[in-house]
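So you can see what is in the structure, the chains are spelled out below.
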Amino acid sequence: MTDRRPLAALPPAPEAPLAGTPEPATDPLPRPGHRRDPMTIAVVGLFVIAVLFALYFGRDVLLPIMLALILSFLLRPLVRALYRIGVPEGLGAAVMVVTLFGGVLLAVYTLSGPAAEWVNRMPRVLHELEFKLGDIRAGIDRAREASRQIEQITKETGGDGPVREVVVRGPTLMEQAVSQVESVLANVVILLVLLYFFLARGRHSLESLIGTMRDVDDRVHYAMVAATLQQNIAAYLLTITAINTVLGVATGLVMWMWGLPNPALWGVMVALANYIPFIGPAVMTGVFFLVSVLTFDSLGTIILPPLSFVALTTIEGNFLTPMIVGRRLSLNPIAVFVSILFWGWLWGIPGALLAVPILAILKILFDAHEPLKPVGALLGD
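Residues numbered from 1 in each chain as written. Predicted model: local features only at pLDDT ≥ 70, side-chain atom pairs only at ≥ 80, totals over all residues. Heavy atoms only, no water.

1. Quick notes on the overall build of the protein
Next up, step 1: Counting its secondary structure elements, the protein contains 13 helices and zero strands.
Next up, step 2: Across the protein, helices and strands are ordered from the amino to the carboxyl terminus as α-α-α-α-α-α-α-α-α-α-α-α-α.
Next up, step 3: Across the 381 residues that make up the protein, the buried fraction comes to 27%.
Next up, step 4: Element-wise, carbon and sulfur atoms account for 69% of the exposed surface of the protein, whose accessible area totals about 26400 Å². (Helix = DSSP H or I, 4+ residues; strand = E, 2+ residues; numbered from the N terminus. Buried < 20%, exposed > 50% of the residue type's maximum accessible area, 1.4 Å probe, protein only. Areas by Shrake-Rupley, 256 points an atom, 1.4 Å probe, with all protein chains shown as cover.)

Below, the structure written as structure tokens:
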């Protein structure tokens with residue numbers, strides 16, 4: 001029987017593909033399962049901005065707190081070892097704080113002589129640099145002369161009236177030095193007091209906080225997170241400190257073999273600078289090159305100390321540290337570099353020194369919380 005329904009009632013025939021049109025290789029991408037609320041995104045963005053402002057403007061208070069917390073991770077196993085042999089935690093914490101402060105004072109006193117000698121030699125050092133780098137200085141002088149001539153021409157073609165210069169007088173050099181010394185002493189006192197309380201009362205405070213949780217699973221979970229954090233960060237800091245100490249001693253011996261003055265000073269500087277990956281060794285390479293230029297005359301002798309240091313840092317960075325530290329806590333090099341830039345921008349050199357320990361703490365905390373595990377995976381393995 002013939003279908004007599006009108007044409008409009010019949011289902012439309014499927015359109016035939018045009019000749020030569022390729023079939024889609026894959027299925028179209030699915031639409032997102034949910035839409036993000038713009039208000040939530042705005043609130044999160046404002047919260048991040050507020051945290052950045054708080055970190056930047058509160059650095060005078062937050063920096064000693066963070067440094068004391070990280071040092072407490074490093075010294076806590078020693079306080080626990082003293083507690084096992086019958087020393088109370090309060091007394092053990094006092095012993096650790098006094099020992100740390102005394103060691104730092106001894107190092108400063110020992111190295112202050114060579115450092116002061118280099119400071120006193122600075123005018124003669126600059127004169128020697130100008131003499132040995134005469135060609136570069138001649139080019140700089142020519143550039144300055146050209147800039148002065150351009151500035152003179154600009155003044156002559158400018159307004160007719162005389163140009164008045166406004167000089168803003170700031171604090172003198174002595175006033176700035178006194179202000180810096182007062183700030184450093186205040187931060188040292190705050191650091192030592194906080195370190196003592198973290199070592200003496202930190203465990204009790206953490207146990208009291210975890211004990212307020214009603215859910216037993218939460219209490220067990222956060223107790224394990226705290227134990228993991230303490231164990232991994234302490235082991236990481238002890239390992240890095242040992243590696244940096246070995247690198248500093250090796251560098252001092254090598255510089256002594258090449259005849260560089262004050263090898264102990266350079267060894268200590270290398271041990272401290274190596275807490276800042278990538279940037280610290282690069283800066284020390286430049287320092288060794290300048291000191292070699294001031295000490296030696298021939299080019300072959302000048303390049304030996306910096307090349308030796310580059311060889312030592314290459315062995316340490318590519319073989320020693322990954323072999324020892326990588327078994328416990330492996331951080332993404334990109335995340336490490338970004339962390340150094342970020343905390344160095346916020347808190348200066350102390351922030352750059354604390355950047356890697358802070359990154360390690362954040363990775364452990366992110367890995368312990370299911371919603372933040374992708375972020376922890378980005379920070380390292």
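2. So, the layout of surface pockets
Next up, step 1: The computed volume of the second largest pocket comes to approximately 760 Å³.
Next up, step 2: Lining the second largest pocket are 23 residues, and of these Phe73, Gly202, Leu206, Ala226 and Gln230 lie nearest its centre.
Next up, step 3: Every element with two or more residues in the lining of the second largest pocket is listed here: helix H2 (59-84), helix H6 (173-211) and helix H7 (216-258).
Next up, step 4: Counting residues per element, the lining of the second largest pocket draws most heavily on H6, which supplies eight residues. (1 Å grid on protein atoms, 1.4 Å probe; cavity = no way out; pocket = protein on both sides within 12 Å on 5 of 7 lines; lining within 4 Å. Points joined across faces, edges and corners; volume = space filled by probe spheres on them.)

3. Let's talk about the packing of aromatic side chains
Next up, step 1: Enumeration according to the criterion identifies ten aromatic pairs in this entry.
Next up, step 2: For the ring pair Phe53 and Phe57, a centre distance of 5.7 Å and an interplane angle of 20 degrees mean the geometry is stacked. Within this pair, Phe53 and its partner Phe57 are both found in helix H1 (residues 38-57), separated by four residues, close to a single helical turn.
Next up, step 3: Its relative accessible area of 61% is what places Phe57 among the exposed residues. (Phe/Tyr/Trp six-rings, centres within 6.5 Å; stacked < 30°, edge-to-face > 60°.)

4. Structural notes on the environment of Ile279
Next up, step 1: Here Ile279 lies in helix H9 (residues 279-295).
Next up, step 2: Sequence separation of Ile279 and Phe337 is 58 residues, and the distance between their C-alpha atoms is 8.8 Å.
Next up, step 3: Setting aside its immediate chain neighbours within four residues, Ile279 contacts Phe337, Ile340 and Leu341. (Contact = heavy atoms within 4.5 Å.)

5. Considerations on the nonpolar core
Next up, step 1: Within the largest apolar cluster, 42 residues are counted, with the highest numbers of intra-cluster contacts made by Leu195, Leu199, Ile233, Leu237, Trp343 and Trp347.
Next up, step 2: Of all the secondary-structure elements, those providing two or more residues to this core are H2, helix H3 (89-120), H6, H7 and helix H12 (333-367).
Next up, step 3: Sort the elements by how many residues they give to this core and H12 lands first, with 16 residues.
Next up, step 4: With sequence-adjacent residues up to four places away left out, Trp343 is seen in contact with Leu55, Gly348, Gly351, Ala352, Ala355 and Ile358.
Next up, step 5: Counting residues in each nonpolar core, the second largest holds 15 residues, with Leu260, Leu265, Phe296 and Phe309 among its members. (Core = buried A, V, L, I, M, F, W, Y, C linked by side-chain atoms within 4.5 Å.)

6. Comments concerning the packing of H2 against H7
Next up, step 1: For the pair H2 and H7, interaxial distance at closest approach is 8 Å and the crossing angle is 100 degrees. Between H2 and H7, the angle falls in the class roughly perpendicular. Counted together, Ile70, Phe73, Leu74, Arg76, Pro77 and Arg80 of H2 and Leu229, Gln230, Ile233, Ala234, Leu237 and Leu238 of H7 form the full contact between these two elements.
Next up, step 2: Its residues assigned to classes, the contact of H2 with H7 comprises nine nonpolar, one polar and two charged. (Axes fitted to C-alpha atoms, helices over the stretch in contact; angles between N-to-C directions. Parallel < 35°, antiparallel > 145°, perpendicular 65-115°, else oblique. Nonpolar A, V, L, I, M, F, W, Y, C, P; charged D, E, K, R; others polar.)

7. Describing the side chain of Ser308
Next up, step 1: Relative to the elements of secondary structure, Ser308 occurs in helix H11 (residues 304-325).
Next up, step 2: Taking relative accessible area as the criterion, Ser308 reaches 17% and is therefore assigned buried.
Next up, step 3: At 2.8 Å, the side chain of Ser308 and the backbone oxygen of Leu304 are in polar contact.
Next up, step 4: Not counting chain neighbours up to four residues away, the residues in contact with Ser308 comprise Val254 and Trp258. (Polar contact = N/O pair within 3.5 Å; in protein donor to acceptor, adjacent residues only side chain to side chain.)

8. What about the pattern of salt bridges?
Next up, step 1: Taken as a whole and assessed by the stated rule, the structure comprises five salt bridges.
Next up, step 2: Residues Arg76 and Glu89 are paired through a salt bridge, measuring 2.8 Å at the closest nitrogen-oxygen approach. Placement of Arg76 in helix H2 and of Glu89 in helix H3 is noted, with a sequence separation of 13 residues between them. Here Arg76 and Glu89 have matching classes, each one buried. (Salt bridge = Lys/Arg side-chain N within 4 Å of Asp/Glu carboxyl O.)

9. Looking at the packing of H1 against H12
The description of two packed helices rests on the angle between their axes and on the distance between the axes.
Next up, step 1: Look at H1 against H12: their axes get within 8 Å of each other, and the N-to-C directions meet at 55 degrees. By the angle between their directions, the pair H1 and H12 is classed as oblique. Between H1 and H12, the residues in contact are Leu52, Leu55 and Tyr56 and Phe342, Trp343, Trp345, Leu346 and Trp347, respectively.
Next up, step 2: In terms of residue class, the contact of H1 with H12 is made up of eight nonpolar, no polar and no charged.

10. Side note on the side chain of Asn244
Next up, step 1: For Asn244, the location among the structural elements is in helix H7.
Next up, step 2: Filtering out sequence-adjacent residues up to four positions away, Asn244 remains in contact with Ala271, Asn274 and Tyr275.

11. Quick notes on unusual backbone geometry
Next up, step 1: The residue Asn262 is not glycine, and still its phi comes out positive at about 55 degrees.
Next up, step 2: Taking the relative accessible area as the measure of exposure, Asn262 reaches 19% and is therefore buried.
Next up, step 3: Here Phe278, not a glycine, exhibits a phi torsion of approximately 70 degrees, which is positive.
Next up, step 4: We classify Phe278 as partly exposed; its relative accessible area is 44%.

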